[in-house]
Amino acid sequence: MLAWINWEPGGLPRVRRRVELLNGMPLCRVEIGGRITPLLRLFLRRERRILREAGVRQGVWADGLPELLQLELTAVDVTPLRRAILPALLEQAFRQKRMTERTASVRLTAEGTSLPVYWAAQLLARRVRYLRLDTGCGQKALEDWLLSRYGLACGGAEPELEVTLRREGNASALLLGENCLRQRVDYILPPHLEGTIPGGGEGERLLAALYRQERLRPGELAVRRIHFSA
């Protein structure tokens, strides 16, 4: 089980919890209220102990929630979800950057040539005219594999888009690395989740948790917009 934390800074110090289901996934809703005072800190210490004893280790919260209110929980990782919906992300990135598959040139970057890099390269090889690689150790083997399997010789025109699995990739690229949540993605949700999943990082963490528990299929999500930096 994971915790879904909400904070309202007004009113008296308080912490309340309840267990509910989200698309069949059990989660603990934690409602925190009031300014951060010694009394609220006392309530938070008790809540951390209760959650720890219940086996809750991960959480979801709105962007910018103070660390103290995160109750020593680990934020749900959205990286597996981003990589699973890469076809939809690429489709929207091509649309926003006005790229066509017939002439598209993309750079794929990573800190090492892992299996997720092969997966991304395979998808790109099916969709782009030119592909450049900067994937560290193992890059030559990946280039040879792409040439033998898809007849794609890496190189060509100057890239119009970068797809990166690096943790600290530039936000002008499509981010698929561990720190990808700093690039906002707006989704079109399936009808049964509309009105229950908020936007921003909070909502994407919930979607990632649903995907991890096999309660959401990648094909159920569409991408409305990717927020590339300039």
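Residues numbered from 1 in each chain as written. Predicted model: local features only at pLDDT ≥ 70, side-chain atom pairs only at ≥ 80, totals over all residues. Heavy atoms only, no water.

A. Spatial organisation of the overall build of the chain. Regarding its fold elements, the chain presents six helices and eleven strands. Overall, the C-alpha framework of the chain stretches about 65 × 35 × 35 Å when taken along its three principal axes. Looking at the chain as a whole, 45% of its 230 residues qualify as buried. Taking contacts inside the chain between residues at least 6 apart in sequence as the whole, the part at least 24 apart equals 67%. When the accessible area of the chain is evaluated, it comes to approximately 11800 Å², of which 49% is carbon and sulfur surface. (Helix = DSSP H or I, 4+ residues; strand = E, 2+ residues; numbered from the N terminus. Buried < 20%, exposed > 50% of the residue type's maximum accessible area, 1.4 Å probe, protein only. Contact = heavy atoms within 4.5 Å. Areas by Shrake-Rupley, 256 points an atom, 1.4 Å probe, with all protein chains shown as cover.)

B. Summary view of the environment of Thr109. With respect to the helices and strands, Thr109 occurs in strand S6 (residues 105-109). Considering only alpha carbons, one finds Thr109 and Ile36, 73 residues apart in sequence, at a separation of 42 Å. Residues within four places of Thr109 in sequence aside, it is in contact with Asp134, Thr135, Glu162, Val163, Thr164, Leu165 and Arg166. There is a polar contact of 2.8 Å between the side chain of Thr109 and the side chain of Thr164. (Polar contact = N/O pair within 3.5 Å; in protein donor to acceptor, adjacent residues only side chain to side chain.)

C. Spotlight on the pattern of salt bridges. One pass over the structure, following the stated rule, counts 15 salt bridges. The salt bridge involving Glu31 is made with Arg29; its shortest N-O contact spans 3.4 Å. Its relative accessible area of 22% is what places Glu31 among the partly exposed residues. For Asp186, the salt bridge is made with Arg184, and the minimal N-O distance between the two is 2.8 Å. Relative accessible area serves as the criterion here: at 42%, Arg184 is assigned to the partly exposed category. (Salt bridge = Lys/Arg side-chain N within 4 Å of Asp/Glu carboxyl O.)

D. Structural view of the packing of helix H4 (residues 115-125) against helix H5 (residues 139-150). Relative to each other, H4 and H5 sit at 35°, their axes nearing to 11 Å. Relative to H5, the crossing made by H4 is right-handed. Packed against H4, whose contacting residues are Val117, Tyr118, Ala121, Gln122 and Ala125, the element H5 presents Ala141, Leu142, Trp145, Leu146, Arg149 and Tyr150 at the interface. Counted by class, the contact of H4 with H5 contains nine nonpolar, one polar and one charged residues. (Axes fitted to C-alpha atoms, helices over the stretch in contact; angles between N-to-C directions. Left-handed = near helix turned anticlockwise from the far one by under 90°. Nonpolar A, V, L, I, M, F, W, Y, C, P; charged D, E, K, R; others polar.)

E. The arrangement of the packing of aromatic side chains in detail. Tallying each qualifying case throughout the model produces two aromatic pairs. A connected cluster of aromatic rings, assembled from ring pairs, spans Tyr118, Trp145 and Tyr150. Cation over ring: Arg29 sits above Trp4, and NZ or CZ is 3.9 Å from the ring centre. Sitting over the face of the ring of Phe228, Lys97 holds its NZ or CZ atom 4.5 Å from the ring centroid. (Phe/Tyr/Trp six-rings, centres within 6.5 Å; stacked < 30°, edge-to-face > 60°. Lys NZ or Arg CZ within 6 Å of the ring centre and 35° of its normal.)

F. Just helix H6 (residues 200-212), in detail. In a regular helix each residue adds 1.5 Å, so 13 residues correspond to 18 Å; H6 covers 18 Å between its end C-alpha atoms and thus fits that length. What H6 keeps buried is the set Gly200, Gly201, Glu202, Gly203, Glu204, Arg205, Leu206, Leu207, Ala208, Ala209 and Leu210. (Expected span 1.5 Å × (residues − 1).)

G. Up close: the packing of helix H3 (residues 86-96) against H4. As a packed pair, H3 and H4 sit with axes 11 Å apart at the nearest point and diverge in direction by 50°. By the angle between their axes, H3 is oblique relative to H4. Handedness of the H3/H4 crossing: right-handed. Only Ala120, Leu123 and Leu124 of H4 make contact with H3, whose side of the interface consists of Leu86, Pro87 and Leu90. Residues belonging to the contact of H3 with H4 are distributed by class as follows: six nonpolar, no polar and no charged. (Parallel < 35°, antiparallel > 145°, perpendicular 65-115°, else oblique.)

H. Looking closely at the sheet that holds strand S4 (residues 58-60). The sheet built from five strands is open, its strands ordered S2-S3-S1-S4-S5 with mixed pairing. With one partner strand each, in any of the chains shown, strand S2 (14-22) and strand S5 (74-75) form the two edges of the open sheet. In the packing of helix H1 (residues 38-53) onto the sheet, the strands contacted are strand S1 (2-8), S2 and strand S3 (25-33), and the crossing angle to S2 comes to about 35°. (Pairing = 2+ DSSP bridges.)

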